[in-house]
Amino acid sequence: MPQRRIDNFAIGMASVPQLHKAGVMPVTGTDAPYPGVVLGETLHRELGLLVEAGLSPVEAIRMATLNAAVLIADEWGTIAPGQRADLELRESAVIWALQPETAWHSAVSNSDYDALIVLAPHINTGLAASLDAFLAAAASVDQSLTSEQRLLQSAQWPGSRLVFAPLQGLDKDYLDVRMIAEAAGEAVTTALRAGARRPLLCLAGVAGRPGFASAAQVAVAGIAQATWQPLEARSAGILAAPIPELVGIYAPGLYFDAPWSRALESGRCLARDLAGTEPEAMAPPGFSDYCVAAFAGSPVEVTVTADPDRLAEEYPLLMAVARASMTVQRHHPRVIRLSYRAPSPTRTLFLVGKAVTYDTGGADLKVGGHMAGMSRDKGGGAAVAGFMRVVSELAPQDLSVIALVGAVRNSIGAECFVADEIIKARGGKRVRIGNTDAEGRLVMADLLTQLREEAVTTAAPELFTIATLTGHAALCHGPYSAYVENPTARSLGIGAKIAESGDAWGDPGEVMRLRREDWHQNRPRSSAEDLVSSNPGPSVGIKRGHQFPAAFLSTVAGIDEHGLYSERPLPYCHIDVAGSAMEQGDWQFGKPTGAPLMALAGAYLRPALGAIYSCRFP
Ligand SMILES: [Zn+2]
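Just so it is clear, the structure is predicted and the values come from calculations on it, not from any experiment.

Tell me about the pattern of salt bridges, and name the residues and values.
Scanning the entire structure with this criterion turns up 26 salt bridges. Across the pair Glu245 and Arg198 runs a salt bridge whose closest N-O atoms are separated by 3.4 Å. Here Glu245 is found in the loop between helix H10 (231-236) and strand E5 (248-250), whereas its partner Arg198 is found in the loop between helix H8 (178-193) and strand E4 (199-203), with 47 residues between them in sequence. Residue class for Glu245 comes out exposed when judged on its relative accessible area of 57%. For Arg198, a relative accessible area of 27% gives the class partly exposed. Among the ionic pairs, Glu462 bridges to Arg347, the shortest N-O distance being 3.0 Å. Of this pair, Glu462 sits in strand E12 (residues 461-467) while Arg347 sits in strand E8 (residues 347-359); the two residues are 115 residues apart in sequence, bridging distant segments of the chain.

Structure follows, in structure tokens:
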């Protein structure tokens, strides 16, 4: 740091108590517009520095709350129903920040818990002297404690159990907050196996680390992911491991919002159930019934279209995919509309989800063992439904969300559609089928068209398609979602915003751009068609195999007529979760992750910690 800045800092620190004594009313947050100031995190550091400079903790908190409110206007500054609020002070958060030793004692002595789990970079956790002395003694007997997770026994801890999980590699800039989710999930699993049901998780040594602001909530998400078990197992009452009854969180210096975590988890659980369940129970009718039940009595309205004639009229491409399934009643398609209308919307998300409940590939049959796992081809639609569940729990004031999920089985049989057919889409485009295993884009295209029709008459719309669409996305990005955005979405920073949120919440992805080659790939080859749905072979055998489907969707739905230089630009982002929807990319046995649910929820349902958005809608 330059000497000038160091000097200025020292002058600032010295002048704080003088100004305070002189009766000046200081406020925090006046540096918020400056680039590099990480909102939220820096405020917490600033509060600490103010106390260091000589103010009492209460005076410091007043600078960040009451003083600013008094300066701004009269609808702020008091705590009463109907008043505006942008910061919620929770008793526990304040106590943790200012008196960690007291809070530690009350957390650990709470008889609700039957195991203590400590996640920290090293055995000098800084959480409590008694804990650090215990860990030092244990490490003197077993040195592996400093590098490997261990279960230790002592009557001084809840349930006589302590799981210590060293967070190794915090100095590595390529590691991200997912390490917290993984360590928390593993440590809680250890405690559960040992007989615990109500663990208290303590997280130390990560506060202030860039990208770890939401580490406490990510830890809870990791525990929920690790302890989730398939719907089939829960229904049969045969569980591979016990499910925790209660999880406590103690994370000094870190933000934690329990209602947010609960909302997020209810959405992820729905997404995992829908995505992970076997293809008969979760055939399209089962999928839509599960959605109807999940949203009963919630602010999300659900309507299901099941009538084949109506489906054929509204969604001809989807019905082409469903054609072979029409011979089996229980496999008939459904279109599920989930809508949430905010009281005073400033923005509306339009989401399309692909829920192919089983993908045989159709006439372009998946052979050579490539069909196993294809009951998971509903991960995108499952994530959309899960996101709507979070929306229903949080009921945002200013964000409306309209979603359409296409639940279809891509079967093979005498009625199946084949490559070379030309099908007229809802919007009028004549689509030449390139390969029946590239069915996801066909399932979504007419749904996207319908939402585009609604979006053009809605203020500040954003359009999305979310799908386990291509093997190419998984090959390119491994376990990361791919956000393929059009130029309008890019101009608004939509992909970047979701990517930033994904990093913060441990649900990461990569931002891709639609390019001219992507349109070229879908071009008509004769006057018989307006465009071709795909290349004849698998997506992994062609360049830009996961980007060009977004150009196809954009063209069929007429979004490309609403480009950046048109009168009504429409932002559109296609999210391919083929690589991220299942743990380890294992479609057959991996647990569903709900991706990109957390990234989207972080970006749209709460201000992402540490992010500054300056984009304006055109
Ligand atoms: Zn397919």
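From this point, things continue past the structure.
Account for the sheet that holds strand E6 (residues 301-305), with residues named and values stated.
Across the sheet, 8 strands lie side by side as E6-E7-E9-E8-E12-E16-E13-E14; this open sheet has mixed pairing. One side of each edge strand has no neighbouring strand; the edge strands of this open sheet are E6 and strand E14 (509-513). The mean angle between the axes of side-by-side strands here comes to 20 degrees, regardless of whether they run parallel or antiparallel. In this structure, strand E7 (residues 334-340) lies alongside strand E9 (residues 399-410), joined through 7 bridges in antiparallel fashion. Directly across from Tyr340, in E9, lies its bridge partner Val401. Across the sheet, helix H16 (residues 440-455) lies against E7, E8, E9, E12 and strand E16 (572-576), angled at about 160 degrees from E8, the strand it touches most. Along the sheet, helix H21 (residues 548-556) contacts E12, strand E13 (481-485) and E16; its crossing angle with E16, the most-contacted strand, is approximately 140 degrees.

Before we move on, can you summarise the packing of H16 against H21 with the specific residues and values?
Interhelical geometry of H16 versus H21 gives an angle of 40 degrees and a closest axis separation of 8 Å. Put simply, H16 runs oblique to H21. The two elements H16 and H21 meet at a crossing, and its hand is right-handed. Two secondary-structure elements touch here, H16 through Arg441, Leu442, Met444, Ala445, Leu448 and Thr449 and H21 through Phe548, Pro549, Phe552, Leu553 and Val556. In the contact of H16 with H21, the residues fall into 9 nonpolar, 1 polar and 1 charged.

For the environment of Thr346, give the residues involved together with the corresponding values.
With respect to the secondary-structure elements, Thr346 resides in the loop between E7 and E8. On a C-alpha basis, the gap between Thr346 and Ser130 in space is 51 Å, while along the polypeptide they are 216 residues apart.

How would you sum up the packing of aromatic side chains? Please name residues and give values.
Counted by the stated rule, this structure contains 3 aromatic pairs. Centroid distance Trp260 to Trp505: 5.3 Å. Interplanar angle 55 degrees. Geometry classified as tilted. Linking Trp260 in helix H11 (residues 258-276) with Trp505 in helix H19 (residues 494-505), this pair joins segments that are 245 residues apart in sequence. The class for Trp260 is buried, based on a relative accessible area of 2%. Trp505 sits in the buried class, given a relative accessible area of 1%. With a centroid separation of 6.1 Å and 80 degrees between ring planes, the pair formed by Phe464 and Tyr604 is classed as edge-to-face. Remark: Tyr604 occurs in helix H22 (residues 597-604) and Phe464 occurs in strand E12; sequence separation between them is 140 residues. A relative accessible area of 9% places Tyr604 in the buried class.

Just give me the short version of the domain arrangement of the chain, but keep the residues and values in it.
Domain annotation of the chain identifies domain 1 (3-72), domain 2 (113-229 + 241-256) and domain 3 (279-605). Taken over C-alpha atoms, the centre of domain 1 sits 47 Å from the centre of domain 3.

Can you tell me about the coordination of the zinc ion, naming the residues and giving the values?
Those protein atoms acting as donors to the zinc ion are Asp359 (OD), Asp437 (O), Asp437 (OD) and Glu439 (OE), and they sit at 2.0 to 2.2 Å. Of note is the zinc ion, whose 4 donor atoms meet at the metal with angles of 71 to 172 degrees in an arrangement that counts as irregular. Sequence positions of the donors to the zinc ion reduce to the motif D-x77-D-x1-E. On the criterion of sequence distance, the pair formed by Asp359 in strand E8 and Asp437 in the loop between strand E11 (430-432) and H16 is long-range, its members being 78 residues apart. On the accessibility criterion, Asp359 (2% relative accessible area) is buried.

Any chance you could break down the nonpolar core for me, citing the residues and the numbers?
Ranked by internal contacts, the top residues of the largest apolar core, which has 93 residues, are Leu119, Ile180, Phe387 and Phe464. Considering each element in turn, this core owes the most residues, 9 residues, to H8. Filtering out sequence-adjacent residues up to four positions away, Ile180 remains in contact with Leu119, Leu167, Leu203, Val206, Phe212, Ala215 and Ala219.

An account of the side chain of Glu439 is requested, with residue identities and associated values reported.
The residue Glu439 is located in the loop between E11 and H16 in this model. Glu439 gets classed as buried once you look at its relative accessible area, which sits at 1%. One polar contact links Glu439 to Lys354, side chain to side chain, over a distance of 3.3 Å. Sequence-distant contacts of Glu439, that is, excluding residues within four places in its chain, are made with Val321, Lys354, Val356, Asp359, Asp377 and Asn410.

Describe in detail helix H15 (residues 379-394), supporting the description with residues and values.
A rise of 1.5 Å per residue sets the reference length of H15, with its 16 residues, at 22 Å; its end C-alpha atoms lie 22 Å apart and thus fit the reference within 8%. Where H15 terminates, the next one or two residues include Ala395, which has phi positive at roughly 40 degrees.

What counts and how
- Residues numbered from 1 in each chain as written.
- Predicted model: local features only at pLDDT ≥ 70, side-chain atom pairs only at ≥ 80, totals over all residues.
- Heavy atoms only, no water.
- Salt bridge = Lys/Arg side-chain N within 4 Å of Asp/Glu carboxyl O.
- Helix = DSSP H or I, 4+ residues; strand = E, 2+ residues; numbered from the N terminus.
- Buried < 20%, exposed > 50% of the residue type's maximum accessible area, 1.4 Å probe, protein only.
- Pairing = 2+ DSSP bridges.
- Axes fitted to C-alpha atoms, helices over the stretch in contact; angles between N-to-C directions.
- Contact = heavy atoms within 4.5 Å.
- Parallel < 35°, antiparallel > 145°, perpendicular 65-115°, else oblique.
- Left-handed = near helix turned anticlockwise from the far one by under 90°.
- Nonpolar A, V, L, I, M, F, W, Y, C, P; charged D, E, K, R; others polar.
- Phe/Tyr/Trp six-rings, centres within 6.5 Å; stacked < 30°, edge-to-face > 60°.
- Domains from an automatic or database assignment.
- Donors = N, O, S within 2.8 Å, 3.2 Å for Na, K, Ca; no water.
- Tetrahedral: all angles 85-135°; square planar, octahedral: opposite > 155°, others 65-115°.
- Core = buried A, V, L, I, M, F, W, Y, C linked by side-chain atoms within 4.5 Å.
- Polar contact = N/O pair within 3.5 Å; in protein donor to acceptor, adjacent residues only side chain to side chain.
- Expected span 1.5 Å × (residues − 1).

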